[in-house]
Structures are given as C-alpha cells and as structure tokens.
Amino acid sequence: MGMDGLEGRVIDGDKEAFKEWMNLHIRPIELFAVQYGISQEEAGKVAETIFGNLYGKLGLLTEEHLEEVSLFKTAIQQLKGKQLDVQQEGLFSFEEDNELQWRITNLPQETRLPLVLVKFHNKSVAEIAMILDKSEQKVEDAIKEALRLLTEPNVEKKLEFLNLSYERLAPSYIESNIFMQEKEISRVKEPEATVRKRKPIALWSAGAVILIFLLLVSVFRSDAYQQSSAEKFIKKMNVSFQQELDDRFELIGLSEPEESNNGYTLVMQGFRSEISPISYGYDTKTKFKRFVREVERQLEEEGRINKKEAKQKYNELVLELRLPSEMVEQLQKEPLNDDREQSLIFLDELRSKNEFLTNVYIEILGEHLEMIFESDLFNDGMVDVDEVLERKASFPLDFQNAIERMETQYFSLTSVKEIAPLYPKYGTPELEKILRRNLHPDMQIYISLLTGTFNLVYTGTFEDHLEALFALEKELPNTKESDQLSYVFNSNYIFLFFTAAGLNSEKGVYDASGVVRQEIKDRWKRLAANGEVSPSGQVIREMIDEMEASNWTTSPSLEELMNYGVWVNLESKMEEARAGKSAN
C-alpha cells in the first residue's frame, strides 16, 4: 500500500515535506534518548544522526523508513554502547522528578525500555514487541517487573508528572546539523532594481521572475546538470545500500563477513569458514553491483538516467535485505491469508534466511565450544543454557552479540544431550501464532516444519515418530509437489517413515538368525494399521505380505527400498494422497 499526503511527498524526495515530517517525529526520538539514560547533549546528537542519515537517503526512502516503529528501532541501535548519564543532576526543576528519572535509568535495560515506551510514548504492548523484537508476553512481564523494581508509592501518578517534565525540556538538537549534506545546485543572483518608479519596478520584477524561471529550467535541463545529478544519485545509492546492509548485520550481532568468489567467509580467530553464495546479503549485494553497472552504462550512453526506474529497482533490492524479524513485522501489517502463492514465497524466503542465520550462529557458537566444555557449564553431555545466558557478559564479545541478537530473529539456545550440546534453535510459540494467523491455511504444516514442531531428528520415541508421521500424512492434501517447500515436507516425511519403521536402527532389521526382529515386526504392524490409503501403510503392508510368505526372512520390497531409497516406493502413493485420497 502506498503512502498519501505528507509521507508520500517525503518518499517522492520533497525536501520541505521531509522537514515538516521530521518536525513531527524528532522530538519524541530525542526525548526517548534522554529517557534511555544519556545526557541531553548526547540525545540531541543521536537525533541529529538519525534524521541526518534519513535526509541523506532522501529520494531513496521507503514507507518502512518513515514508520515510528522503525525510528525507535534505529534509535535503540544508535544508543547501544552509549555511556549512561546515571547522575543527570538538575535535569528537572522538581527533585522528585530527578529522583524517579535516576531510578528509571538504573533499571536493567530489558525492563527499562518497555516501561519508557509504554509510559512516555503511549505505545501498545504489540507496538513495543515489534520495536524490541520480543514477544508480547515478554513485554508485559518486563513492564510489570519494572514497576515492581521501582517500588514507588503512587508510581503511576508520578510517572505522569515525570512525563510532563520531559515535555518541558528544551530541545538539544541543532537543525542545521541535520541538513549539512544539503548543497544548492546553482545560485542565481537577482539583479538590483535601479528604477524607482512604482509601475516600472512591478513590470521589471515580473520579468525578472520569468527570466529566473527560464534560467533555472535551462540549468536543470542542461547536460552538465543531468550528468552531475545522476552521479550524485548513484553515489547516494551506493552509500545507502551499504548502510542498509551494515545496519542489518549489526541487528543480528555480526559485521558483514568477508566477500570471496564463492560467497561470504567468516573469519574468527584465524579460522575461515565458507558460507554459500546463495545466502543472506551476498546474493543481493551481487545483484546491486550489477544494477549499478547498468545504471552507469545508461548514464555513459545517454548522458542521464531514469531515476524513477532506478529508485524502484533499488527499493526492490533493499526489500530483499529484510531480516526475518522485519518480514514477520510486515506480515502482521499485510496478512496473506487469502494468497497461497505469496504465502509460499514468504515462507521460502524466511526458510532461506533462517538457514543462513543458523549456519552463522552455529559457526560462532562452535568457535567457543571448547571454552564451554572446559567450564562447569558442561555436564553429562549437555550445556546448562540458563547458566550460559546468566553469565553471557563474561564471554567474548562476538559470542555475547550472537546470543543476545539471535533472540530478535526468533532463535534461542538449546542443548541436546551428546548430539548438539549448544545449538541455535529456530522458532518460538509467539512466532508460530503470528505465522498461523497471517498466512494461507494450507501453510499450517509448513509452519510446523519450519518452526520446530516436527524437530524429531535426534530425539523422540517411536510413539513420537509415529504420531508425527501420521500428522504429516493427514496434511498431504494441503500440499503440492510443485510447492517451493515440498522438499522440506518430503524429506521430513521420509525420515520419519525410515525411523518409525526401524530401518535405521542401530540393532538392524534382522536378528542373528536372519529373521526380522520382534521389535521391528511390532513397528511394522502399527504402521500397517494406519488406514488403506496411508502411503506408509501401503508400503509396509507390501513388505509384511512378502515377509510372512518367507517366514520373515526376505522381502523384495524391502531390498528395493534399501537399495534405491524409500522415495521411489512412496512417491506415487504420496501423490495419490495429495490428489485428495487423504489418510485416515
């Protein structure tokens, strides 16, 4: 959806509209910085930086840049690492306000920010959750905890008075600093009037206006102006795109990895790890470089560029840089409940970006596993995740950043005994609710697969695997082989079939005498009982019939399955179920 009115004019590159829009938003952001805990002077500089950066992108701004949620997110990023002014003596006229401000500044950040946003900026719990990339439940808990920690009588009324005192503070930002990048393209000096008679002056002035207009039109249409304007536009795109990429890598707790011919390369303490080129950031950056070369070629051949088309393409590329958290935020604003195709595209993009983040976080965690294993955090094949989080401030900075920022992208640390001692698990209950509420109904099974509901690869009992396998079969009619995510479904289904049937059992299928073990027989009989049209049941029943005919010693179907893979046996039966002959 496009923006109308003031925001639309800002997106179109109107400088006056930007100034008008900025005047509506800069004051709350500056006060937020003060409430965060830094000095007024520093808060003014933070506001200047945020809006100065936006002004520098004028002509390339999108709706997302102008949203309040985005402004507060940017402010939080700018404020990270700033020295808190925990004293702030004499900030207000009333000592009670100074005391309460001091107490708020000294609250832990995870409780301070939700309190500031809800009490001083009138943000809803849902809005705060988007700003902080937290679940609504965590936001509510943080606000309650902040009020508990303040232990002030009549605290709600005192917070209202403090808010009024904030609003009375004089602005600290200097507007001229925000527009330092602005340069006039040309200056036309107006001739001095030498005739004193009233009527001739009026006639001359009208003529001067027309002359100046014609001069400006001439300047703006000149080849030199078009060349210079296009070069500045290209330079602005280069700077802006890299800033967009840097900002997002900072949000996930990284610096942009080194580029190589085959993709990104993570370098940690001398250790180098290649990351697939079809991954977050790298592929889009490659497209952007190609796009810039095309624009430069157009300038060279035609002496000017089509800025409208260039801006549209630029915005499309920046959209590709959206982090999973940004995608989920946008989904809530523009649900896809009635659009199956776009729902699939959304989930496939989400999956791709999460695979990249998973690999990066695994690399970072792996770099520090030795440190964890040698500590008391590791015991009996598992890592005490709660204690890791409690002690994170004592770990190396890259490790701290990773475990802090992964949460903003719906990852959490987990430990699977002796298999994955410390692992970044994707998916939260909050995320699942959002996806299920805002995507096409056919996406339910794909959501379950992507967010970990069927994450039984290394854990789970036979009953768990059986239940998951049957649940997948019931969802077959809601999937298509042509779906971008069908391979995710198929690979999970095949694994669960293989595991439930005991075909990957460490003890094997046969006992020492060459007869199928009783445990395997029992498993097969349970699978065979799952209805006539169950794909897994059909395959297993064929094997049972052949085994019974040979006193449970041989089965051509089993041999074919083991030699050529289970997919050959299951594919046609799964397609029948997808066509509507659903499993019972």
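The model shown is predicted, which means the values in this text are computed figures rather than measured ones.

What counts and what doesn't
Residues numbered from 1 in each chain as written. Predicted model: local features only at pLDDT ≥ 70, side-chain atom pairs only at ≥ 80, totals over all residues. Heavy atoms only, no water. Helix = DSSP H or I, 4+ residues; strand = E, 2+ residues; numbered from the N terminus. Buried < 20%, exposed > 50% of the residue type's maximum accessible area, 1.4 Å probe, protein only. Contact = heavy atoms within 4.5 Å. Areas by Shrake-Rupley, 256 points an atom, 1.4 Å probe, with all protein chains shown as cover. Pairing = 2+ DSSP bridges. Phe/Tyr/Trp six-rings, centres within 6.5 Å; stacked < 30°, edge-to-face > 60°. Patch = residues over 30% accessible without salt bridge, like charges linked within 9 Å, V, L, I, M, F, W, Y side chains within 5 Å. Salt bridge = Lys/Arg side-chain N within 4 Å of Asp/Glu carboxyl O. Lys, Arg positive; Asp, Glu negative; His and termini not counted. Charge placed at Lys NZ, Arg CZ, Asp CG, Glu CD. Core = buried A, V, L, I, M, F, W, Y, C linked by side-chain atoms within 4.5 Å. pLDDT = per-residue confidence, 0-100.

Considerations on the overall build of the protein chain
Along the protein chain, the regular secondary structure elements total 28 helices and seven strands. The burial tally for the protein chain puts 46% of its 584 residues in the buried class. Counting only contacts in the protein chain whose residues sit at least 6 apart along the sequence, the fraction spanning at least 24 positions is 68%. Of the accessible surface of the protein chain, which amounts to about 30400 Å², a share of 50% is contributed by carbon and sulfur atoms.

Some details on the pairing of strand β6 (residues 411-416)
Of the two faces of β6, only one is covered, namely that formed by F411, L413 and S415; the face formed by S412, T414 and V416 stays uncovered. In this structure, the hairpin formed by β6 and strand β7 (residues 420-426) is closed by a connection of three residues, where E418 is found at a positive phi of approximately 65°.

Some points on the packing of aromatic side chains
The geometry of an aromatic ring pair is captured by two quantities: the separation of the ring centres and the angle between the planes. Counted under the stated rule, the structure contains 17 aromatic pairs. When the centroid spacing of 5.3 Å and the interplanar angle of 55° are considered together, the rings of F18 and Y55 count as tilted. You can see F18 sitting in helix α2 (residues 15-36) and its partner Y55 sitting in helix α3 (residues 40-56), a full 37 residues away along the chain. Residue F18 is classed as buried on the basis of its relative accessible area of 0%. Relative accessible area serves as the criterion here: at 5%, Y55 is assigned to the buried category. Ring plane angle 85° and centroid distance 6.4 Å describe the contact between F18 and F179, whose orientation is recorded as edge-to-face. One end of the pair, F18, is in helix α2; the other, F179, is in the loop between α11 (175-178) and α12 (198-221), and 161 residues separate them in sequence. Per residue, the accessibility class of F18 equals that of F179, and both read buried. A connected cluster of aromatic rings, assembled from ring pairs, spans F18, W21, F51, Y55 and F179.

Digging into a positive patch on the surface
On the surface, R290, R293, R297 and K313 cluster together to form a positively charged patch. Per element, the largest residue contribution to the positive patch is three residues, and it comes from helix α14 (residues 282-302). By secondary structure assignment, the location of R297 is in helix α14. A relative accessible area of 44% places R297 in the partly exposed class.

Here we look at the nonpolar core
Judged by nonpolar contacts, the single largest core of 95 residues is most densely connected at F291, L347, Y446, F489, W524 and I540. Residue contributions to this core peak at ten residues, all from helix α17 (residues 340-367). When near neighbours in sequence (up to four residues on either side) are disregarded, Y446 contacts L344, L347, T479, K480, D483, L485, S486 and F489.

Remarks on the pattern of salt bridges
For the coordinates displayed, the defined rule picks out 35 salt bridges. A salt bridge links E481 to R578; the nearest nitrogen and oxygen atoms lie 2.9 Å apart. Of this pair, E481 sits in the loop between α23 (462-475) and α24 (486-500) while R578 sits in helix α28 (residues 566-578), placing them 97 residues apart in sequence. Because the salt bridges share partners, they merge into one network encompassing E67, K73, D133, E329 and K333.

Re the confidence of the model for the protein chain
When pLDDT is averaged along the protein chain, the result is 83; 85% of the residues meet or exceed 70. Confidence drops under a pLDDT of 50 for residues 183-204, and excluding neighbours within four residues, the segment shows eleven contacts in the predicted structure. Within the model, the stretch residues 211-220 combines pLDDT values under 50 with nine contacts to residues more than four positions away or in other chains.

Some points on unusual backbone geometry
For N122, which is not glycine, the phi dihedral falls at a positive 55°. Tracing the chain through its elements places N122 in the loop between α7 (109-120) and α8 (125-132). Residue N122 is classed as exposed on the basis of its relative accessible area of 70%. Backbone geometry places N551, a non-glycine residue, at a positive phi of 55°.

Things to note about the pairing of β7
Burial within β7 is extensive, with five of its seven residues counted as buried. Here β6 runs beside β7; their pairing, made up of five bridges, is antiparallel. Residue pairing for β7: F411 is matched across the bridge by Y426.

Remarks on the environment of E559
With respect to the helices and strands, the residue E559 is situated in helix α27 (residues 556-564). C-alpha of E559 to C-alpha of M543: the two residues are 16 residues apart in sequence and 9.6 Å apart in space.

Description of the environment of Y280
Position of Y280 relative to the elements: it lies in the loop between β3 (271-274) and α14. Its relative accessible area of 5% is what places Y280 among the buried residues. Sequence spacing of Y280 and N354 is 74 residues, and the spatial spacing of their C-alpha atoms is 8.8 Å.

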